[in-house]
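So you can see what is in the structure, the chains are spelled out below.
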Amino acid sequence: MPLSLIEELPKIVKEGRAEVARILERINSGNALALQTNELVLPSKDISGLYRGEVPSVDENEEWKNRLIYGDNILVMQGLLAGDSASGLKSMRGKIDLIYIDPPFDSKADYRTKITLPNVNLNQKPTVIEQFAYADTWKDGTVSYLKMIYPRLALMRELLSEKGSIYVHIDWHVGHYVKILLDDIFGKNNFVNEIIWNYSWGIRTDSRWNRKHDNIFMYSKNTDNIIFNAQEVLEERQISDATANRLKYKGALITDGNKGRGDSELALPTDVWYIATINGMAKEKVDYSTQKPEKLLEKIIKASSNENSIVADFFGGSGTTASVAEKLGRRWISSDIGKPSIMVQRKRLIDNEVKPFLYQSIGDYQKEAFESSKLYKRIGDLSQVVISLFSDDSGSGALGFGDEHPRNLGYIKDKKTLVFIDSPSRLTGFATLKKAIEFRDNFLGGWEKVVVLGWNFAYDISSAINELNDSKLEVLVIPPDLLDKLKSKATYKKLVDSGKIRFSSLQYLTIKPIEKTVYDDTIEELIIKLDNYILLSPDNIPLDENDKKSLQQLMATDPLALIEYWSIDPDFDGVTFRSKWQDYRENTANDGDPLHVIYSAKIMVPKKDKRVVCIKAVDVFGFESMVKEEI
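Report on the accompanying structure. Just so it is clear, the structure is predicted and the values come from calculations on it, not from any experiment.

Reading the values: the criteria
- Residues numbered from 1 in each chain as written.
- Predicted model: local features only at pLDDT ≥ 70, side-chain atom pairs only at ≥ 80, totals over all residues.
- Heavy atoms only, no water.
- Helix = DSSP H or I, 4+ residues; strand = E, 2+ residues; numbered from the N terminus.
- Buried < 20%, exposed > 50% of the residue type's maximum accessible area, 1.4 Å probe, protein only.
- Contact = heavy atoms within 4.5 Å.
- Areas by Shrake-Rupley, 256 points an atom, 1.4 Å probe, with all protein chains shown as cover.
- Pairing = 2+ DSSP bridges.
- Axes fitted to C-alpha atoms, helices over the stretch in contact; angles between N-to-C directions.
- Parallel < 35°, antiparallel > 145°, perpendicular 65-115°, else oblique.
- Left-handed = near helix turned anticlockwise from the far one by under 90°.
- Nonpolar A, V, L, I, M, F, W, Y, C, P; charged D, E, K, R; others polar.
- Salt bridge = Lys/Arg side-chain N within 4 Å of Asp/Glu carboxyl O.
- Core = buried A, V, L, I, M, F, W, Y, C linked by side-chain atoms within 4.5 Å.
- Expected span 1.5 Å × (residues − 1).
- Arc of directions from axis to C-beta.
- Polar contact = N/O pair within 3.5 Å; in protein donor to acceptor, adjacent residues only side chain to side chain.
- Phe/Tyr/Trp six-rings, centres within 6.5 Å; stacked < 30°, edge-to-face > 60°.
- Lys NZ or Arg CZ within 6 Å of the ring centre and 35° of its normal.

1. Some details on the overall build of the protein chain
Argument step 1. When you go through the protein chain residue by residue, the secondary structure sums to 16 helices and 32 strands.
Argument step 2. Looking at the protein chain as a whole, 52% of its 631 residues qualify as buried.
Argument step 3. Pairs at least 24 residues apart make up 71% of the contacts formed inside the protein chain by residues separated by at least 6 positions.
Argument step 4. Within the structure as shown, the protein chain displays about 29700 Å² of accessible surface, and the carbon and sulfur contribution to it stands at 48%.

Put into structure tokens, the structure is as follows:
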């Protein structure tokens, strides 16, 4: 007979504590994954395609920049706790005054994302990374969920300041079990409030009491030293004179209580909140299924943080926490594992003309998967497996050279084609491609062609390929779920027998030659036009077969319709992309077309004899491409 949830809880707590101990040891020993800065976003007030005047600038020496982070939050928090001396990002341990999270709590949730394209509506399944996370979260129902949430809550405690607090937004599905975990992590004495958020939205039934509230558990690091600004969140109440006088006597009424019956009075806040959900016509609505109203976050942020406090949300969703924190003068960190969430948040923040912020990611998921693998302990062994699974377009399979030669090299017999396998612990970039070309030209007398198979790619990989301009070089993507499928020898054999391993080509963007006009010897005008967008194989995108066919048709007729967002850095330094101009779908201020970005941008910049212009594009599935041109 399986154990009940109550019987499982001690085991969940014991395993959770052990996992947290391992994570903290990893952080302390300097082995945590670092946050990778993909972009510094400088939201332009004019995103209509014509920017005149000074290009937005930012103080590079400013100590703090807000952060939007893509990745599994357990890895994100490890990166924040560890810091990164190489990039100058300090550890966030004990620096965050307020954490609000709204984790998923319905195991029957549909995580598909609807994508509206010209004449096509697609339903995208979760990305491979999301699928792994959701599979782990729900494979054993509530037990899996609690195993997922425990170490994350524990790391959040490490990030909280001594005067900080955390609000965990939950509902009836798992709320009572989560509270037990919170008691264990924060201490029962540090429980502050159970807040009831009451709303009227939802399906109505006459078979039971209608469920019209969520629970929000508030805990502190130390209840004797907690930020709580009651005067910032006084509540309006419709009360009688008698009630007003009684509340005033008890110190709960803030106004003088001399108004007539039915008049509104201001009183100290309570733990039952009547806040409406977002209606379909609300200005703040961003069409994200779990979006919470800004008034809800306003109340939390005003009460439990001060101006310039750092506020974090590690299940960022639609970005309400970051958006409200910005409006209220707080600093913020928002992360999410879903690419749709990151795209929605980025557009929302740009719309709100926020201060410059960093867009970061955890880019080494394959490294993490490899290091946790029980079957392959040496990268050379894994490379041999990948070689055995690879075949070219003609169906010719690759072979290994044997132990006397590098184990990450293979070849296709009778084709004079060399196969180079990169490590899951590295980002495949310019240096890797140069090394592969050297092997092609010199290894065992030379080869006609080299195929590079990579797990993770540097964000400027497209530019690297264009710069090398080598027709005898091919770069392909190793299936992102391959390591997960190689968990046992049985699954490996199943893969070999099925023959259904597809190594996809990279996506890339092309632009037309940049036009430059010089004015007054001090200013120059740049005109940047998109040319084409080549998407990687639809087989590598989580879609149903019918949607894949529709996507292929669109790729053939209107490829630039797949661009969700594009931005320009007119002075790329080769390290940090500074997005000083951007446009995105649904920005109808430019051409009234919500399904396309504009394809041309005109910007005015200080005159230079030489500059590198870099263009970044993100497609509707969240894949990024970059192209750079020296002018």
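2. Here's the deal with the sheet that holds strand S12 (residues 272–274)
Argument step 1. Reading across from one edge, S12-S8-S9-S7-S4-S13-S14-S3-S15-S1-S28 is the order of the 11 strands in this open sheet, with mixed pairing throughout. The open sheet has two edge strands with one neighbour each: S12 and strand S28 (578–579).
Argument step 2. Note: strand S1 (residues 36–41) against strand S15 (residues 357–361), five bridges, orientation antiparallel. Bridge pairing in S15 places Gln36 opposite Ser361.
Argument step 3. Along the sheet, helix H7 (residues 294–304) makes contact with strand S4 (96–101), strand S7 (160–170), strand S8 (191–198), strand S9 (213–220), S12 and strand S13 (310–313), crossing S4 at roughly 155°.

3. Some details on the packing of helix H4 (residues 142–159) against helix H5 (residues 175–186)
Argument step 1. It is the contact of H4 with H5, at a shortest axis distance of 10 Å, that shows an interaxial angle of 30°. In this view, H4 runs roughly parallel relative to H5, as classed from their interaxial angle. Along this stretch, H4 crosses H5, giving a crossing that reads as right-handed. Together, Thr142, Tyr145, Leu146, Ile149, Tyr150, Leu153, Ala154 and Arg157 of H4 and Tyr177, Val178, Leu181, Leu182, Asp184, Ile185 and Phe186 of H5 make up the contact between the two elements.
Argument step 2. Here the contact of H4 with H5 is composed, by residue class, of 12 nonpolar, one polar and two charged.

4. Comments concerning the sheet that holds strand S27 (residues 563–569)
One key point about sheets: their strands pair by backbone hydrogen bonds, in either a parallel or an antiparallel sense.
Argument step 1. Strand order in the open sheet formed by four strands is S29-S27-S31-S32, with antiparallel pairing between adjacent strands. Looking at the sheet topology across the chains shown, the edges are occupied by strand S29 (581–584) and strand S32 (624–630). Taken pair by pair, the neighbouring strands of this sheet meet at an average axis angle of 15°, ignoring direction.
Argument step 2. As defined by bridge partners, S27 adjoins strand S31 (residues 612–619) across six bridges and the pair is classed as antiparallel. Residue pairing across strands places Asp569 opposite Cys614, the latter belonging to S31.

5. Section: the pattern of salt bridges
Side-chain pairs of opposite charge can arise where the charged atoms are in close proximity.
Argument step 1. Scanning all chains against the criterion turns up 28 salt bridges.
Argument step 2. For Lys179, the salt bridge identified is with Asp183, shortest N-O distance 3.3 Å. Of the two residues, Lys179 and Asp183 are both situated in helix H5; the distance of four residues between them amounts to about one turn of the helix.
Argument step 3. Judged by relative accessible area, which is 18%, Asp183 ranks as buried.
Argument step 4. The salt bridge involving Asp441 is made with Arg440; its shortest N-O contact spans 3.0 Å.
Argument step 5. Taking the relative accessible area as the measure of exposure, Arg440 reaches 6% and is therefore buried.
Argument step 6. A network of salt bridges, in which partner residues are shared, links Lys516, Glu524, Asp571, Lys608 and Arg611.

6. What about the nonpolar core?
Argument step 1. With 52 residues, the main nonpolar core has Phe314 and Ile333 as its most contacted residues.
Argument step 2. Those elements giving two or more residues to this core turn out to be helix H1 (5–28), helix H2 (73–82), S4, H4, S7, H5, S9 and S13.
Argument step 3. Once residues lying within four places of it in the same chain are set aside, the contact partners of Phe314 are Asn73, Met77, Leu80, Ile96, Ile99, Tyr100, Ile101, Met156, Leu159, Ile333 and Ser335.
Argument step 4. Trp566, Ile603, Val613 and Ile615 belong to the second largest nonpolar core, which has 34 residues in total.

7. Quick look at helix H12 (residues 430–442)
Argument step 1. The first and last C-alpha atoms of H12 sit 18 Å apart over 13 residues, in line with the 18 Å expected at 1.5 Å per residue.
Argument step 2. Within H12, the full set of buried residues consists of Thr432, Leu433, Ala436, Ile437 and Arg440. Looking straight down H12, one finds that the buried residues subtend no more than 140° of arc, so they occupy a single side. Set apart from the buried face of H12 by more than 90 degrees, the exposed residues are Ala431 and Asn442.
Argument step 3. On its buried side, H12 packs onto strand S18 (417–421), strand S19 (427–428), strand S20 (449–454), helix H13 (461–468) and strand S22 (473–477).
Argument step 4. With its phi angle positive at about 50°, Leu444 sits one or two positions after the end of H12.

8. What to know about the packing of H1 against H5
Argument step 1. For the pair H1 and H5, the least separation of the axes is 11 Å and the interaxial angle reads 40°. On the basis of their axis angle, the class for H1 and H5 is oblique. Relative to H5, the crossing made by H1 is right-handed. Across the interface between the two elements, Leu5, Ile6, Leu9, Ile12, Val13 and Arg17 of H1 pack against Tyr177, Ile180, Leu181 and Asp184 of H5.
Argument step 2. Residues of the contact of H1 with H5, tallied by class, amount to eight nonpolar, no polar and two charged.

9. Some thoughts on the pairing of S20
Argument step 1. The buried fraction of S20 is high, at five of six residues.
Argument step 2. Pairing between S18 and S20: five bridges, direction parallel. Residue pairing in the sheet places Thr417 in a bridge with Lys449 of S20.

10. Describing the side chain of Asp183
Argument step 1. Within the structure, Asp183 has its side chain in polar contact with the side chain of Tyr219 (distance 2.5 Å).
Argument step 2. Filtering out sequence-adjacent residues up to four positions away, Asp183 remains in contact with Lys188, Phe191 and Tyr219.

11. Remarks on the environment of Gln552
Argument step 1. Looking at the secondary structure, you find Gln552 in helix H16 (residues 545–557).
Argument step 2. Distance from Gln552 to Leu535, taken between C-alpha atoms, is 9.6 Å for residues 17 residues apart in sequence.

12. A few points about the packing of aromatic side chains
Argument step 1. Within this structure, the stated rule accounts for 13 aromatic pairs.
Argument step 2. Taking 5.2 Å as the distance between ring centres and 55° as the angle between the ring planes, the aromatic pair formed by Phe191 and Tyr219 counts as tilted. Taken together, the residues span a long stretch of sequence, with Phe191 in strand S8 and Tyr219 in strand S9 at a distance of 28 residues.
Argument step 3. For Phe191, a relative accessible area of 28% puts it in the partly exposed group.
Argument step 4. Since its relative accessible area comes to 0%, Tyr219 is described here as buried.
Argument step 5. Relative to Phe443, the ring of Phe401 has its centre 5.2 Å away and its plane inclined at 80°; by these criteria the two rings are edge-to-face. Taken as a pair, Phe401 in the loop between strand S16 (398–400) and strand S17 (409–412) and Phe443 in the loop between H12 and S20 lie far apart in primary sequence, 42 residues in all.
Argument step 6. Phe401 gets classed as buried once you look at its relative accessible area, which sits at 15%.
Argument step 7. Put simply, the rings of Phe401, Tyr411, Phe420, Phe439, Phe443 and Trp447 touch in pairs and so form one group of aromatic residues.
Argument step 8. In this structure, Lys416 packs its charged tip against the face of Trp447, placed 5.1 Å from the ring centre.
Argument step 9. We note Lys616 situated over the ring of Phe577; from NZ or CZ to the ring centre the distance is 5.2 Å.

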